[in-house]
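# Reading the structure
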Amino acid sequence: VALTLRAERNPVAAGGRLRLAATLAGAAADASGTVRFRSGERELGATELRGGQASLEVDAPPAGDHAIVALYHGDERHQGASSTPLALRVSQAQTI
């Protein structure tokens, strides 16, 4: 089972919102359970897997470069999986 991760926007501004999406590849459309999105030790959020897909809108991490991963812990019929880290750049928020 392979888990892929993508971000709707990259880079994103600090303080903004970011939509993350994970897809479980293969014959896992009937997989169930939770997908967690992390930046290092910080959990960004979690959501239920539906039809092999999980999507979540989260607060962007602080400004800087981040390695975001998606983690699926599996269910009674499917192995768990983790995505390859996604390099995310978060820029300083614009001030007026």
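Attention here is on the structure that accompanies the text. Being a predicted model, the structure only gives us computed values, none of them experimental. Note on numbering: residues in each chain are counted from 1, in written sequence order. Where local features are concerned, this predicted model is filtered to residues with pLDDT of at least 70; where side-chain atom pairs are given and counted, the filter is 80 or more; whole-chain, interface and lining totals use all residues. Note that the side-chain values use all heavy atoms of the structure and ignore hydrogens as well as water.

### A short note on the overall build of the protein chain
Threshold: Secondary structure counts use DSSP, requiring at least four H or I residues in a row for a helix and at least two E residues in a row for a strand, with both numbered from the N terminus. Each radius of gyration reported is based on C-alpha atoms, and the globular scaling rule is 2.2 Å times the count of residues to the power 0.38.
Helix and strand content of the protein chain: 0 helices and 9 strands. Going residue by residue from the N terminus, the α and β elements of the protein chain occur as β-β-β-β-β-β-β-β-β. Here the C-alpha atoms of the protein chain give a radius of gyration of 14 Å, agreeing with the 12 Å that 2.2 N^0.38 yields for 96 residues. In terms of its C-alpha atoms, the protein chain occupies a principal-axis envelope of roughly 50 × 20 × 20 Å.

### Re the sheet that holds strand β3 (residues 17–24)
What counts is decided by this rule: Two strands are said to pair when DSSP picks up at least two bridges between them. A fitted line through C-alpha atoms represents every axis, and for helices the fit uses only the stretch in contact; the resulting angles, taken between N-to-C directions, go from 0 to 180 degrees.
Spatially, the 3 strands line up as an open sheet ordered β1-β3-β6, and their pairing is antiparallel. Each edge of the open sheet carries a strand with a single partner, namely β1 (3–7) and β6 (53–59). Here the average twist between neighbouring strands, direction ignored, is 20°. Bridging between β3 and β6 involves 7 bridges; their strand directions are antiparallel. Its bridge partner lying in β6, A22 is registered against A54.

### Considering the nonpolar core
Under the convention used in this document: Side-chain atoms within 4.5 Å link the members of a nonpolar core, which is a set of buried Ala, Val, Leu, Ile, Met, Phe, Trp, Tyr and Cys residues. A 1.4 Å probe rolled over the protein chains alone gives each residue an accessible area, and that area as a share of the maximum for its type sets the label: buried under 20%, exposed over 50%, partly exposed in between.
Ranked by internal contacts, the top residues of the largest apolar core, which has 24 residues, are L20, V35 and F37. Elements represented by at least two residues in this core include exactly β1, β3, β4 (34–39), β6, β7 (64–72) and β9 (86–91). For this core, the leading source of residues is β3, giving 4 residues.

### What to know about the environment of Q92
Our working definition: Should any heavy atoms of two residues lie within 4.5 Å, those residues are considered in contact.
Along the polypeptide, Q92 turns up in the segment after β9. When the C-alpha atoms of Q92 and V35 are compared, they prove to be 28 Å apart, with 57 residues separating the residues in sequence. In this view, Q92 contacts A14 and A63; residues no more than four positions away in its chain are not counted.

### What about the side chain of S39?
Spelled out, the test is: Side-chain atoms alone can form a polar contact between residues adjacent in sequence; in general such a contact is a pair of N or O atoms within 3.5 Å, and within protein one must be able to donate a hydrogen while the other accepts it.
Take S39: it is sitting in strand β4. Judged by its relative accessible area of 10%, S39 falls in the buried class. Of note is the side chain of S39, whose polar atom sits 3.3 Å from the side chain of H66. Setting aside residues up to four positions removed in sequence, S39 forms contacts with L44, H66, A67 and I68.

### Focus: the environment of V90
If you trace the backbone, V90 turns up in strand β9. On a C-alpha basis, the gap between V90 and H73 in space is 27 Å, while along the polypeptide they are 17 residues apart. Not counting chain neighbours up to four residues away, the residues in contact with V90 comprise V12, A13, A14, A60, P61, P62, A63, G64 and H66.

### Description of the side chain of H78
Mapped onto the fold, H78 is located in the loop between β7 and β8 (81–82). Judged by its relative accessible area of 12%, H78 falls in the buried class. Of note is the side chain of H78, whose polar atom sits 3.0 Å from the side chain of D30.

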